[in-house]
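Structural characterization, general
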2 protein chains.
Amino acid sequence: MPIKANSIISKKSGAKKKAHCCSRVMIEKVSPEIDAGLFPIKRTVGENVVVRANIFTDGQDEITALLLYRTVKEAGWHEVYMKPLGNDLWIGSFPIEKEGDYYYSIRCSIDKFSTWRKSLDKKMIAKQDISVDLKVGILILEEAKKRIKKESIGRIADFLKQLRASEDINILSAILINDELLTIMRKNLNIEDSVTYHKELKVSVERKLALFSSWYEFFPRSWGAQPGKHGTFKECEKLIPEIARMGFDIIYLPPIHPIGKTNRKGVNNSVECKDNDPGCPWAIGSQEGGHKAVHPQLGTVKSFRHFIDKAKEFDLEVALDLAYQCSADHPYVKVHPQWFKWRPDGKIQYAENPPKKYEDILPINFETDDAGNLWEELKSIVIFWIGQGVRIFRADNPHTKPFAFWDWLISEIKKDYPDTIFLSEAFTRPNVMYRLAKGGFSQSYTYFTWRNTKREFIEYLRELTQTEVAEYFRPNFWPNTPDILPEQLQYGGRPAFIMRAVLGATLSSNFGIYGPAFELGVSDAIANKEEYLNSEKYEIKQWDWNKEGHLKDVLAALNKIRKENPALQLTRNIRFCEINNDSILSYYKATGDYSNIILVIVNLDPYHTQSGFLQLPLDELGIDKGRPYLAHDLLSEDKYIWQGETSYIELDPQRSPAHIIHIKRHMRREQDFDYFV
Amino acid sequence: MPIKANSIISKKSGAKKKAHCCSRVMIEKVSPEIDAGLFPIKRTVGENVVVRANIFTDGQDEITALLLYRTVKEAGWHEVYMKPLGNDLWIGSFPIEKEGDYYYSIRCSIDKFSTWRKSLDKKMIAKQDISVDLKVGILILEEAKKRIKKESIGRIADFLKQLRASEDINILSAILINDELLTIMRKNLNIEDSVTYHKELKVSVERKLALFSSWYEFFPRSWGAQPGKHGTFKECEKLIPEIARMGFDIIYLPPIHPIGKTNRKGVNNSVECKDNDPGCPWAIGSQEGGHKAVHPQLGTVKSFRHFIDKAKEFDLEVALDLAYQCSADHPYVKVHPQWFKWRPDGKIQYAENPPKKYEDILPINFETDDAGNLWEELKSIVIFWIGQGVRIFRADNPHTKPFAFWDWLISEIKKDYPDTIFLSEAFTRPNVMYRLAKGGFSQSYTYFTWRNTKREFIEYLRELTQTEVAEYFRPNFWPNTPDILPEQLQYGGRPAFIMRAVLGATLSSNFGIYGPAFELGVSDAIANKEEYLNSEKYEIKQWDWNKEGHLKDVLAALNKIRKENPALQLTRNIRFCEINNDSILSYYKATGDYSNIILVIVNLDPYHTQSGFLQLPLDELGIDKGRPYLAHDLLSEDKYIWQGETSYIELDPQRSPAHIIHIKRHMRREQDFDYFV
């Protein structure tokens, strides 16, 4: 059915009362409002929601606009006055204080008393006769008294009593322009003069970890006690203290399930597989079980639970991979053959992206007529691992499954387990990635891995943080993954690894690495590809985690800085700074009250020392241009006393490719001594 | 009720079939779509609607997107294939060919045959085994045959027959990659694989005059046969041939109704009124009648109809003023006192905008409890004048009446009289002006009157033509009105009048003047105001229409150029050109097929000769940089042969402040001779 313009406008209007002012205020261009309210925005507890709208009415009447908000459980609205910014744009904000989703809307009223008072003010200035106006004011008060909130009735009665006691224009006007009276009247606007926006917009509230997290991915099979021997969960427990020391929050494991044997891939993704090749963990399922089983060489469901418990002791959570695909040996193939695509030659269709073939992996046919049962089974996998204590899932290639499936799955899971976090591994076109985020994914992989130049970073971060995207898409920046070894890391050496770690950890509040390939600086790639040579995806590796030159301390320092500085626990708050060198990227992040300001300066050139003059916008930061302020590099512990907007910066990538500077806003001259002892 | 994301996604999906691909294609950011489809876009017959959307699906499948459109009277959709522009953005367009409103939407399908064929192509290039793929192709064809349109069944059967007759891979693949087959299959997509956008968006179609019009406003009372004597419609008929000669389409008359006597304003808006002062026509209503009556000194309803008929003979329409306000003597005051605001002193509230007072005018109280009857009566005024042959109304100060009233009024009138045109005289904030346009006004006054500098014009035209506003707001550019004599016209002399006329007539396809004050160059203003001294609003003027230096011939030339060049009959098509002088504004307009290109160059400085180098974007215009092209100034009849993108421009405001150049794209060297003889 076509939408009729009158449908909302005449909501309250019968034939007799069409022009009632309840329809006089227009509320337009409400933001945030994702796809006309179809999708919620996302927040975590402690964040604000800033709402803007164009609000106006015909004529000269004054408007009061209230931002309304409530949690799902509350019946009534909380109200916040919105402020006019001029040209009909109004702004207001409310805090997210509790777990659970919120709703917001806007209610506007024609404010008759304010309108009357404004007109009176102008007439008084112009020294016009106001005797009739004063009578009108009294009438408005008398009307208001009939419907005013209990707590105000007494005061209004007082005012009216005073007004009735006098005929003197000066006395009457003095009473009527009393500020207390204006405040009372504003709080008691006639609901019949108000109009509420026709939508209730939703805020999906998740726990803090959805916004601020450090992920550490590793392959447990590479941590066997003896060289070349398959590692177990039990053996992997010994890694936990060190991962915790590096400051990570989440241990993410590639699929831990039995691996198929049919068409198993050999080392370097070879179609020839040797007997002792372990296969790719994403080829899920064998006679030993499917998505709800643990690979026998890793251990058991019980030993996995023990691993989770051990991690918990170190404040670490364990994330699992949600890869909805099967090896040919997966039990589903026999039990539910209808969930796969069958070819005319009687074989099941394996995954392909012509001319590429993935013979060891069978995609699930989401278009099966048995989709209802399929979806329920896929949901039961998540429920199963939630039962084992997992609350974080990294979805593998979600963009190759229907959006409707993810919308449904995530909403189903969150009903019972609202603390569940889903990370979308969709390396694809922006609209697809954004649609998955709208549908409920808490976080998403991004293009960060391939962004290298200053212009690229500024443009990309602008898109992620300064557009509507920032309201629902939480980026997670990964310098590397088992699938991606970017060119910068292949050629740039240790400075490049540090530079990428600093960028990932400070540009985005969510960040992750695939270790220990990252902290050991592994840079050997397949020729002309951005892929690891001898990838851990197809073989058991042996890692010397304490090899000279490892970056574990750098990562530990970065995560410590992130945890100690709330400015780095947000992504939306990034602002770029001017610096007259295209090889140096600089940005700052600050908390809303500017109590924590972190300035990051990164040399994007891993080969050469770069220098330039940085412009710090002191006005924005509330720093007095005439007074010195302290710039404390949290990486090197160097401290600089700066003054004014311009500072000389020089970064030698061999020493350190980056500064992460805590800006101390107001140095008190006398007390600075103890800062330097 | 909160909106649920799943509500549209699961529309067709039962528990058994949740993942059916009917829900796999996403259609997002459809444009134009005004306020989530609440308001229609506007077009006239002959225009196109260009529709863009982000369209994508999960996975690798090919998509076919159809732009759907139909008139209100048609049950079925017309279909146009949309084209992908990359990064999920698709575009399509359809023509408005008939009177009456249109609807449009988008239907997308997973195109299984194209998907299959694309995969086959890649495998063939990679020389992979395609035997199974060919069998899959045949299966797709066989499935399609069951539900294919009648006219294609024969050809599909032919193809299948050929396919069954062979086992040879080369023969099979040759048949299956036949382009005719692809075309047939694309035309016969399975409706079950398709999804239709959840809104039908509306196009409000008006007649051409809503888009392209020249308005001439004059006060009939100033055209009496004897000096100072009140003019009549009969006497005004003698103006019609000359207004037609100047090329105008519409004669717009200020209110023609009886004028109130109570608090009548004297000359120059004085509160002291002399006996023979005629009063302001906007103070409507006296004992002689109200909004449905004709001022006795002008004539009768009958003589007004005669005036309309006379105008029609010259292809001129007559527009009336719709000023919903009353003098204290209006019959409504006695018959419907409840339609006005009454003050505590027992008097009716007159119009005021403190400290300004309009004692001769009573605003209507749209918040009256009797609003139902009030609205019907106000509608009946429009119906009355429609009955006399009027189809164009200029609404006075519509922004001081409720938006809901105008929404209702215009929609009611257009139901029975779709050829009615409403011009909104809302000189107020942009959001308010745009809201009135969304609600149905065909055209609107603008800020043109106060835009003077190059930057102001470029920014304002960008807002009006390159944003969503262009879809529903049709600007009407007036260099002057009885209310406004802008400073430029007060000080700039004849060059300023010509410059403003050229700008109004070529920047906007709708344009109007208040004459003969304009063509006679009246520039006397009230001190420090942009208002006419001795305004015709308060007195009867005597005009010497043929006074030396009049601009009637310039206006005639401008309107002739507008009528002969379809490029000037649109506003959205404006593109600005670079020129290295901030006092020269240059822009071009072209028809969609570039068969008509008009380049306008205006010296914005009425005092000095200005010159500069103009950059004409020849690539955009499809002009060969290596060949000369003819630039023909339609104002001066000068012709220039230009070559390349840069041309020297010099404009002496005393000679002519503007060029309006017809660009002849491809000069054929040999045939150019006859162009110059």
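Residues numbered from 1 in each chain as written. Chains lettered and ligands numbered in written order. Predicted model: local features only at pLDDT ≥ 70, side-chain atom pairs only at ≥ 80, totals over all residues. Heavy atoms only, no water.

**With respect to the overall build of chain A**
The helix and strand tally for chain A stands at 19 helices and 31 strands. Along the first, second and third principal axes, the C-alpha set of chain A runs to 105 × 70 × 45 Å. Relative to its 677 residues, chain A shows a buried fraction of 58%. At a minimum sequence separation of 6, the contacts of chain A that also span at least 24 residues come to 75%. Total accessible area on chain A is roughly 28100 Å²; 50% of this is exposed by carbon and sulfur atoms. (Helix = DSSP H or I, 4+ residues; strand = E, 2+ residues; numbered from the N terminus. Buried < 20%, exposed > 50% of the residue type's maximum accessible area, 1.4 Å probe, protein only. Contact = heavy atoms within 4.5 Å. Areas by Shrake-Rupley, 256 points an atom, 1.4 Å probe, with all protein chains shown as cover.)

**A look at the interface of chain B and chain A**
On the chain A side, the residues contacting the 78 residues of chain B number 78 residues. The tally of links between chain B and chain A comes to 12 salt bridges. Put simply, Glu367(A) and Lys112(B) hold a salt bridge, and the shortest N to O gap is 3.2 Å. Counting across the interface, chain B meets chain A through 20 residue pairs in polar contact (both at pLDDT 80 or more). Within the side of chain B that touches chain A, the residues separate by chemical class into 30 nonpolar, 17 polar and 31 charged. (Salt bridge = Lys/Arg side-chain N within 4 Å of Asp/Glu carboxyl O. Polar contact = N/O pair within 3.5 Å; in protein donor to acceptor, adjacent residues only side chain to side chain. Nonpolar A, V, L, I, M, F, W, Y, C, P; charged D, E, K, R; others polar.)

**Examining the sheet that holds strand 24 (residues 578-579) of chain B**
Sheet strands line up and pair through hydrogen bonds in the backbone, either parallel or antiparallel. Residues and elements named next belong to chain B. Sheet architecture is open: three strands sit in the order 24-27-30, paired in antiparallel fashion. Of all the strands in the sheet, the pair left with one neighbour each is strand 24 and strand 30 (646-651). When strand 27 (residues 610-615) meets strand 30, the two strands line up antiparallel, connected through six bridges. Each bridged residue has a counterpart across the sheet, and for Ser 611 the counterpart in strand 30 is Glu 650. (Pairing = 2+ DSSP bridges.)

**Considerations on the relation of the copies chain B and chain A**
In this arrangement, two copies of a chain are superimposed by a rotation about an axis accompanied by a shift along the axis. Superposing chain B onto chain A takes a rotation of 180° combined with a translation of 0.1 Å along the rotation axis, leaving an RMSD of 0.1 Å. Put plainly, the chains are arranged around a two-fold axis. Considering only C-alpha atoms, the residue of chain B closest to the rotation axis is Ala36(B), which sits at 3.0 Å. (Least-squares fit on C-alpha atoms with pLDDT ≥ 70 in both.)

**Quick word on the packing of aromatic side chains**
Considering all chains together, one arrives at 88 aromatic pairs over all chains under this definition. Taken together, a centroid distance of 5.3 Å and an interplanar angle of 15° make the contact between Tyr445(B) and Trp478(B) stacked. Here the residue Tyr445(B) occupies a position in strand 20 (residues 443-445), and Trp478(B) occupies one in the loop between strand 21 (475-477) and helix 15 (487-491), the gap between them amounting to 33 residues. Accessibility expressed as a relative area gives 1% for Trp478(B), which makes it buried. Of the aromatic side chains, those joined through ring pairs into one cluster are Tyr324(A), Phe366(A), Trp375(A), Phe393(A), Phe405(A), Trp406(A), Trp408(A), Phe422(A) and Phe441(A). Across from the ring centre of Phe448(A), 4.4 Å away, lies the NZ or CZ of Arg500(A), which sits over that ring. (Phe/Tyr/Trp six-rings, centres within 6.5 Å; stacked < 30°, edge-to-face > 60°. Lys NZ or Arg CZ within 6 Å of the ring centre and 35° of its normal.)

**Quick look at the pattern of salt bridges**
Residue and element names in this part refer to chain A. Within the structure shown, the criterion is met by 94 salt bridges over all chains. One salt bridge in this structure joins Asp 553 and Arg 245, with 2.9 Å as the shortest N-O distance. Here Arg 245 lies in helix 8 (residues 240-245) and Asp 553 lies in helix 17 (residues 552-564), a separation of 308 residues in the sequence. Judged by relative accessible area, Asp 553 falls into the partly exposed class, the value being 45%. The residue Arg 435 makes a salt bridge to Asp 407 at a minimum N-O spacing of 2.6 Å. Highlighted residues: Arg 435 in helix 13 (residues 430-438) and Asp 407 in helix 12 (residues 403-416), separated in sequence by 28 residues. Across this residue pair, the class does not change: Arg 435 and Asp 407 are buried.

**Considerations on the sheet that holds strand 21 (residues 475-477) of chain A**
Residue and element names in this part refer to chain A. Spatial strand order, 11-12-13-18-19-20-21-22: eight strands in a closed barrel with parallel pairing. Across the sheet, the mean angle separating the axes of adjacent strands is 30° when strand polarity is ignored. Note that strand 11 (residues 213-217) and strand 22 (residues 510-514) share five bridges and pair parallel. Looking at strand 22, one finds that Tyr 216 is bridged to Ile 513. (Axes fitted to C-alpha atoms, helices over the stretch in contact; angles between N-to-C directions.)

**As for the environment of Asn603(A)**
Residues and elements named next belong to chain A. In this structure, Asn 603 sits in strand 26 (residues 597-603). Each C-alpha atom of the pair Asn 603 and Ile 649 lies 9.9 Å from the other, and the pair is 46 residues apart in sequence. When neighbours within four sequence positions are excluded, Asn 603 is seen to be in contact with Met 499, Ser 583, His 608, Thr 609, Gln 610, Leu 651, Pro 653 and Pro 657. Separated by 2.8 Å, the side chain of Asn 603 and the backbone nitrogen of Asp 605 make a polar contact.

**Points about the pairing of strand 25 (residues 584-590) of chain A**
Residue and element names in this part refer to chain A. For strand 25, a buried count of seven out of seven residues is recorded, marking the element as mostly surrounded by other parts of the structure. Here strand 25 shows two buried faces, one formed by Ile 584, Ser 586, Tyr 588 and Ala 590 and the other by Leu 585, Tyr 587 and Lys 589. Examined bridge by bridge, strand 23 (residues 574-576) and strand 25 share three bridges and lie antiparallel to one another. Bridging from a neighbouring strand, Arg 575 pairs with Tyr 588 of strand 25. Both strand 25 and strand 26 contribute to a ladder of seven bridges, which runs antiparallel. Each bridged residue has a counterpart across the sheet, and for Ser 586 the counterpart in strand 26 is Ile 601. Where strand 25 folds back on strand 26, the antiparallel hairpin that results is connected by six residues, among which Tyr 594 adopts a positive phi of roughly 60°.

**Considering the environment of Tyr350(A)**
Residue and element names in this part refer to chain A. Residue position: Tyr 350 is located in the loop between helix 10 (331-335) and strand 15 (351-353). A relative accessible area of 17% means that Tyr 350 is categorised as buried. Taking the C-alpha atoms as reference, Tyr 350 lies 6.4 Å from Pro 363; in sequence the two are 13 residues apart. The residues touching Tyr 350, leaving out its near neighbours within four places in the chain, are Arg 343, Lys 357, Tyr 358, Glu 359, Ile 361, Leu 362 and Pro 363.

**With respect to the packing of helix 12 of chain A against helix 13 of chain A**
Residues and elements named next belong to chain A. For the pair helix 12 and helix 13, the least separation of the axes is 9 Å and the interaxial angle reads 25°. Between helix 12 and helix 13, the crossing angle belongs to the class labelled roughly parallel. Here helix 12 runs over helix 13; the crossing is right-handed. Taking contact as the criterion, the partners of Phe 403, Trp 406 and Asp 407 in helix 12 are, on helix 13, Val 432, Arg 435 and Leu 436. Looking at the contact of helix 12 with helix 13, its residues break down into four nonpolar, no polar and two charged. (Parallel < 35°, antiparallel > 145°, perpendicular 65-115°, else oblique. Left-handed = near helix turned anticlockwise from the far one by under 90°.)

**Points about the packing of helix 4 (residues 150-164) of chain A against helix 6 (residues 179-187) of chain A**
All names here are of chain A. Where helix 4 meets helix 6, the axes come as close as 11 Å, and the angle between the chain directions of the two elements is 135°. In terms of orientation, helix 4 lies oblique with respect to helix 6. The two elements helix 4 and helix 6 meet at a crossing, and its hand is left-handed. On helix 6, the residues that touch Ser 152, Arg 155, Ile 156 and Phe 159 of helix 4 are Glu 180, Leu 181, Ile 184 and Met 185.

**Details of the environment of Thr571(B)**
Residue and element names in this part refer to chain B. Inspection of the secondary structure assignment puts Thr 571 in the loop between helix 17 (552-564) and strand 23 (574-576). Residue class for Thr 571 comes out buried when judged on its relative accessible area of 7%. Separated by 58 residues in sequence, Thr 571 and Ile 513 have C-alpha atoms that sit 18 Å apart. Contact partners of Thr 571, with chain neighbours within four places excluded, come to Thr 465, Pro 475, Leu 507, Ser 508, Ser 509 and Lys 589. A polar contact of 2.8 Å, which involves the side chain of Thr 571, links it to the backbone nitrogen of Ser 509.

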